[in-house]
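Reading the structure
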Amino acid sequence: MCGIVGYIGQRDAYPILIKGLKRLEYRGYDSAGVAIINRGRELNVYKTKGKVSDLEHFVEDKDVSGTIGIAHTRWATHGEPCTENAHPHYSQTKRLALIHNGIIENYASLKNKLQAKGYTFQSSTDTEVLVQLIEFIQTSHELNLLTAVQLALQEVIGAYAIAVLDKENPNQIIAARKSSPLVVGIGEGEFFLASDATPIVEYTDKVVYLDDGEIAVIRRDEKLKVVNLDNVECPHDVKTVTMNLGQLEKGGYPHFMLKEIFEQPDCIRDCMRGRINVEADNVVLSAVIDYKKQLLSAKRFIIVACGTSWHAALIGKHLIESLCRIPVEVEYASEFRYHNPVIDADDVVIAISQSGETADTLAAVELAKSRGAFIYGICNAIGSSIPRATHTGSYIHVGPEIGVASTKAFTGQVTVLAMLALSMAKEKNSIDNHTFVNIVKELQQIPEKMEEVLKENEHIAQLAKIFTYAKNCIYLGRGYSYPVALEGALKLKEISYIHAEGYPAAEMKHGPIALVDEEMPVVVIAPHDDLYEKVLSNVQEVKARKGRVIAFVSKGDQMISQIADTCIELPDTMDCLTPLIATVPLQMLAYHIAVCKGKNVDQPRNLAKSVTVE
Ligand code: M6R
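First, a word on scope: everything that follows refers to the structure included in this document. Along each chain, the written sequence defines residue order, and numbers are assigned to residues from 1. Where local features are concerned, this predicted model is filtered to residues with pLDDT of at least 70; where side-chain atom pairs are given and counted, the filter is 80 or more; whole-chain, interface and lining totals use all residues. Derived side-chain values reflect all non-hydrogen atoms in the structure, with water molecules and hydrogen atoms excluded from consideration.

Focus: the nonpolar core
Operational definition: In these notes, a set of buried Ala, Val, Leu, Ile, Met, Phe, Trp, Tyr and Cys residues joined through side-chain atoms within 4.5 Å is what counts as a nonpolar core. The classification of residues rests on relative accessible area computed with a 1.4 Å probe and restricted to protein chains. Under 20% of the type maximum is buried, over 50% is exposed, and intermediate values are partly exposed. Strands here mean DSSP runs of E at least two residues long; helices mean DSSP runs of H or I at least four residues long; both are numbered from the N terminus. These domain boundaries are the output of an automatic or database domain assignment. By definition, residues are in contact when any of their heavy atoms lie within 4.5 Å.
In this structure, Ile350, Leu443 and Tyr475 are the most contacted members of the largest nonpolar core, which totals 96 residues. The element best represented in this core is helix 14 (residues 408–428), accounting for twelve residues. Two domains each provide a minimum of three residues to this core, namely domain 2 (250–453) and domain 3 (455–601). Contact partners of Tyr475, with chain neighbours within four places excluded, come to Ala485, Gly488, Ala489, Leu492, Ala500, Glu501, Gly502, Tyr503, Val523, Leu586 and Leu589.

Okay, here's the thing in structure tokens:
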């Protein structure tokens, strides 16, 4: 939620800031703004409602010169999306400008205090309160900016990644973090600042990830200094990041989402690379080797996640329970943290998150850690907060996911969960060798089978045209296909704004069947697995009520294909790997319906990629 960028060095800051904002636009796109100090020591703030491209038009005739600046792209929390609420925010005298990602929870009481002292506010944001507070502390005690920021942050309750400019000191950016991500890039005589490394990687591969409670003092021609709120210097590691810049571009596709759907076969290959030993038909996850004792002695696994990652967690539950015979509970991270869960030291908590920054998942990790559980992270964004907060984990290695609707991260998460279940099952002797080898071999075939599914793109695009009229849609599946139904429905609603419900097919008769009529598209995921016959009965129940059935079945299907209105055949695979195949056409279906309806696929309304507020 909200992307922040900063630059100080010898180059013009503006182009670097704008390019950085475009890379971070997935984090929010309600409004955008920049603050730059020019050579005449003027601190210019330009901001506007809308996207980064709107900001570019807005500043066309403005002075954007200067070699130090900060910029922001917003996902509104406090205050509607409008120009006044856009960041950066000036302080009262316009000496300071500040950008913020997070929420200042006690902003109302701080605002009252400042208003009583004569401060006036231009916006309804929590952020403006913080910049006013910093200026108040700075001027009333004649302090330098760093000290004023340290004292102000001691009064703040909430989450923040901030960057502040002071026009009286055009050679310095002060940036601080608590519960919202912040990365400093170290170049030759220049520094970069951003919510993640994507705006930085084309200038330098040297980065420092700030930890909670740390403040970066970024001064022109000086070394980076990191201190805490009590001004104690914090040692910091300079990490090297490698990222293929091509992964940050659309590469000829009309949308990132479509590109990311099509990347899946290669992503799954990358995810398995070095982890599956083809000759030995073995699966090696370093975390399982290093933490074998903690994992194998677990009495129970609890998986915490949100959104699409939560759907992957449901598949993980099936995999771990059936292959390892260890009980698994799946919890929404946002609920888990607030129901005083029973967590024991012999529990293993798995946190799944593409971004590695989801506030609720991170808080669930901290809670479970404080209760003594062993924590395993399954994340995509390298160096993000969740992998750094967990005891161990496995990256999914699918590359940056930019489309707000998660696609390749889901299949990457399921692949890691399958490898985790397989490697633990092997260590635990809960799987016979024949089954183990068969699943491993089949897992290796998944990328090729996904390629076959992707060939259905045109067919699905045609099918999508028929369903743009729909106002509601039901997705049905059983067993491993139930979470797939949930995921298909989520994809449809988030990018096409068609209301969709995912349901276990057999549960339909306990209520949702009342919704079925000739207008209602019912998407059924019905691979040829153990539950096929049961799903066939459910399809018949829908057809008896004149529902329009779109069925995703295994190649050569004989029965459901006879009664469904439309059928898409998918390559056959083992039951436990079905989600890796069956989710892909549902992603394509949602994509093409949204395109037909003229929706902004990559940046759907009201959403943001990285939900760093609770
Ligand atoms: O980064 P995370 O995996 O923790 O994000 C969790 C959800 O916010 C995310 O999956 C969201 O539901 C996506 N928009 C789904 O496409």
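There's plenty left to go through after this.
Some thoughts on the sheet that holds strand 21 (residues 392–395)
Selection rule: A pair of strands is considered paired only if DSSP assigns at least 2 bridges between the two. Simply put, an axis is a line fit to the C-alpha atoms, just over the touching stretch for a helix, and the angle between two N-to-C directions goes from 0 to 180 degrees.
With respect to topology, five strands assemble into an open sheet ordered 18-17-19-20-21, the strand pairing being parallel. Unpaired on one side and paired on the other, strand 18 (328–332) and strand 21 mark the two borders of the sheet. Ignoring which end each strand starts from, the neighbouring axes of this sheet average 20 degrees apart. Bridge count for strand 19 (residues 347–353) against strand 20 (residues 374–379) is six bridges, and the pairing is parallel. Bridged to Ile352 within strand 20 is Ile378. Where helix 12 (residues 359–370) meets the sheet, it contacts strand 17 (300–305), strand 19 and strand 20, and its direction lies at approximately 165 degrees from that of strand 19.

Quick word on the side chain of Arg23
With respect to the element layout, Arg23 can be found in helix 1 (residues 13–24). Taking relative accessible area as the criterion, Arg23 reaches 11% and is therefore assigned buried.

A few points about the packing of helix 7 (residues 264–272) against helix 15 (residues 433–454)
When two helices pack together, you describe them by how their axes are tilted relative to each other and by the distance separating the axes. Put simply, the rule reads: In this scheme, roughly parallel covers angles under 35 degrees and roughly antiparallel covers those over 145, while 65 to 115 is roughly perpendicular and the rest are oblique. Gly is placed with the polar residues, together with every amino acid not listed as nonpolar (Ala, Val, Leu, Ile, Met, Phe, Trp, Tyr, Cys and Pro) or charged (Asp, Glu, Lys and Arg).
Between helix 7 and helix 15, whose axes approach to 8 Å, the crossing angle comes to 170 degrees. Between helix 7 and helix 15, the crossing angle belongs to the class labelled roughly antiparallel. Touching Gln264, Pro265, Ile268, Arg269 and Met272 of helix 7 are Leu443, Gln444, Ile446, Pro447, Glu448, Met450, Glu451 and Leu454, all from helix 15. Class assignment for the residues of the contact of helix 7 with helix 15 results in eight nonpolar, two polar and three charged.

Some thoughts on helix 18 (residues 532–544)
Which entries qualify depends on this criterion: To estimate how far a helix should reach, multiply one less than its number of residues by 1.5 Å. The arc under discussion is defined with respect to the helix axis, by the directions toward the C-beta atoms.
With 13 residues, helix 18 should cover 18 Å at 1.5 Å per step; its first-to-last C-alpha distance of 18 Å lies within 8% of that length. Residues of helix 18 that are buried include every one of Tyr532, Val535, Leu536, Asn538, Val539 and Val542, and no others. Each buried residue of helix 18 sits inside an arc of 165 degrees when the element is viewed along its axis, so together they form one side. Looking at the buried side of helix 18, the elements it contacts are strand 22 (472–477), strand 24 (521–526), strand 25 (548–554) and helix 19 (560–563). Trailing helix 18 by a residue or two, Lys546 shows a phi angle of about 70 degrees, which is positive.

Here we look at the pattern of salt bridges
Inclusion rule: What counts as a salt bridge is simple: a side-chain nitrogen of Lys or Arg found within 4 Å of a carboxyl oxygen of Asp or Glu.
Tallied over the entire structure, the rule returns 30 salt bridges. In this structure, Glu56 and Lys22 form a salt bridge, with 2.8 Å as the shortest nitrogen-oxygen distance. Residue Glu56 is found in helix 2 (residues 52–58), and its partner Lys22 is found in helix 1; the two are separated by 34 residues along the sequence. Overall, Lys22 belongs to the partly exposed group, its relative accessible area being 42%.

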